[in-house]
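Given next are the chains, with one letter for each unit.
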Amino acid sequence: MITFRTIDKNNFYPLLELDPGDGGKFVASAAVSLAEAWLYYEAHDTYPFAVYHGEELVGYMMAHEDMSRKALFLWRLAIAREHQGKGCGTDALRKFIALARESGKYDCVVIGYEEGNERGRHIYEKLGFRPVGVAADGETILRLDL
């Protein structure tokens, strides 16, 4: 079962070593993600967290709230190479969507993906995300209405 946990002294270093196997092409490293989260620390609207399957660390995610749009952005979803193809990413995204929906705070979940990330695109579309545009950096933006 997939669970989300706070990043703390017990999982911080293992998280930094996690390798999603794309060489940073599709998802930023945990170190970059945590540094970016720190930039938004005082705004209290950006949340990095560890993804576990049972007791095993399998990935990380980072979310950002935009309450002016009642939107929850999934900035990062990275699953370790050795856990890919086992449903961990799909299950983590399903759980993320369910928690967003249950909170009642958001109208939608938004995610972006880089051209060539066909695995990500397939998962997002399978879960109901639909393209809504292209970001300035070239990422395709998808939205799931809750």
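Everything below is about the structure shown above.
Note that the coordinates shown come from a computational prediction; the quantities given were computed from them, not determined experimentally.

## So, the packing of aromatic side chains
Item 1. Enumeration over the complete set of coordinates arrives at seven aromatic pairs.
Item 2. Consider the rings of Trp38 and Tyr41, whose centres lie 4.8 Å apart with planes at 20°: the pair is stacked.
Item 3. On the basis of an interplanar angle of 50° and a centroid distance of 6.3 Å, the ring pair of Tyr113 and Tyr124 is categorised as tilted. Highlighted residues: Tyr113 in strand β5 (residues 108-113) and Tyr124 in helix α4 (residues 118-126), separated in sequence by eleven residues. Residue Tyr113 shares its accessibility class with Tyr124, and that shared class is buried.
Item 4. The cationic tip of Arg5 hangs over the ring face of Tyr52; the distance from NZ or CZ to the ring centre is 3.8 Å.

## Points about the pattern of salt bridges
Item 1. All told, the structure shown has nine salt bridges when counted by the stated rule.
Item 2. Of the charged contacts, one joins Glu65 and Lys105 as a salt bridge, the two residues approaching to 2.7 Å between their closest N and O atoms. Placement of Glu65 in strand β3 (residues 56-66) and of Lys105 in the loop between α3 (88-103) and β5 is noted, with a sequence separation of 40 residues between them.
Item 3. Taken together, the shared-partner salt bridges in this structure form one network comprising Glu118, Arg121 and Glu125.

## Here's the deal with the environment of Met62
Item 1. With respect to the helices and strands, the residue Met62 is situated in strand β3.
Item 2. For Met62, a relative accessible area of 0% corresponds to the buried category.
Item 3. Sequence-distant contacts of Met62, that is, excluding residues within four places in its chain, are made with Ser33, Glu36, Ala37, Thr46, Tyr47, Pro48, Phe73, Leu74, Trp75 and Arg76.

## Description of the nonpolar core
Item 1. Counting residues in each nonpolar core, the largest one holds 26 residues, and the members touching the most others are Met61, Leu74, Leu77, Leu93, Phe96, Tyr124 and Phe129.
Item 2. With six residues, the single largest contributor to this core is α3.
Item 3. Membership of the second largest hydrophobic core comes to twelve residues, among which are Ile7, Ala30, Leu34 and Ala50.

## Some remarks on α4
Item 1. Within α4, burial applies to Gly120, Ile123 and Tyr124. For α4, the angular spread of buried residues about the axis comes to 95°, placing them on one side.
Item 2. Buried residues in α4 make contact with β4 (71-79), α3, β5 and β7 (140-145).
Item 3. Downstream of α4 by a residue or two, Gly128 has a phi angle that is positive, lying close to 105°.

## Description of the sheet that holds β4
Item 1. On the basis of which strands lie adjacent, the open sheet formed by seven strands has the order β1-β2-β3-β4-β5-β7-β6 and mixed pairing. Of all strands in the sheet, those bounded by a partner on one side alone are β1 (2-5) and β6 (130-134). In this sheet, adjacent strand axes meet at a mean angle of 30° when their direction is disregarded.
Item 2. Running at roughly 30° to β3, helix α2 (residues 30-39) makes contact with β2 (46-53), β3 and β4 of the sheet.
Item 3. Across the sheet, α4 is in contact with β4, β5, β6 and β7; its angle to β5 comes to roughly 160°.

## Structural notes on the environment of Ala80
Item 1. Note that Ala80 resides in the loop between β4 and α3.
Item 2. Ala80 sits in the buried class, given a relative accessible area of 2%.
Item 3. Ala80 sits 39 residues away from Tyr41 along the chain, and the two C-alpha atoms are 26 Å apart.
Item 4. Filtering out sequence-adjacent residues up to four positions away, Ala80 remains in contact with Leu18, Asp19, Pro20, Val58 and Gly59.

Scoring rules and cut-offs
- In this numbering scheme, every chain counts its residues from 1 along its sequence in written order.
- Given that this is a predicted model, residues contribute local features only at a pLDDT of at least 70 and side-chain atom pairs are listed and counted only at 80 or more, while totals for whole chains, interfaces and linings are drawn from all residues.
- Each side-chain value is derived from all of the structure's non-hydrogen atoms; neither hydrogens nor water enter the calculation.
- Ring pairs are drawn from Phe, Tyr and Trp, using the six-membered ring of Trp, whenever the two centres fall within 6.5 Å, and their geometry is named by plane angle: stacked under 30 degrees, edge-to-face over 60, tilted for the rest.
- Here a helix means four or more residues in a row that DSSP labels H or I, a strand means two or more in a row labelled E, and each is numbered from the N terminus.
- We call a residue buried when its accessible area falls under 20% of the maximum for its residue type, exposed when it is over 50%, and partly exposed in between, using a 1.4 Å probe and counting protein chains only.
- For a lysine, the NZ atom is tested; for an arginine, the CZ atom; a charge sits over a ring if that atom is within 6 Å of the ring centre and within 35 degrees of the ring normal.
- Salt bridges are identified by distance alone: a Lys or Arg side-chain nitrogen within 4 Å of an Asp or Glu carboxyl oxygen.
- Residues are treated as being in contact if the distance between any of their heavy atoms lies within 4.5 Å.
- In this description, a nonpolar core means a group of buried Ala, Val, Leu, Ile, Met, Phe, Trp, Tyr and Cys residues linked to one another through side-chain atoms lying within 4.5 Å.
- This arc corresponds to the set of directions leading from the helix axis out to the C-beta atoms.
- In this analysis, strands are considered paired if DSSP registers two or more bridges between them.
- Geometry is summarised by axes, namely lines fitted to C-alpha atoms with helices restricted to the contacting stretch, and by angles between N-to-C directions that run from 0 to 180 degrees.

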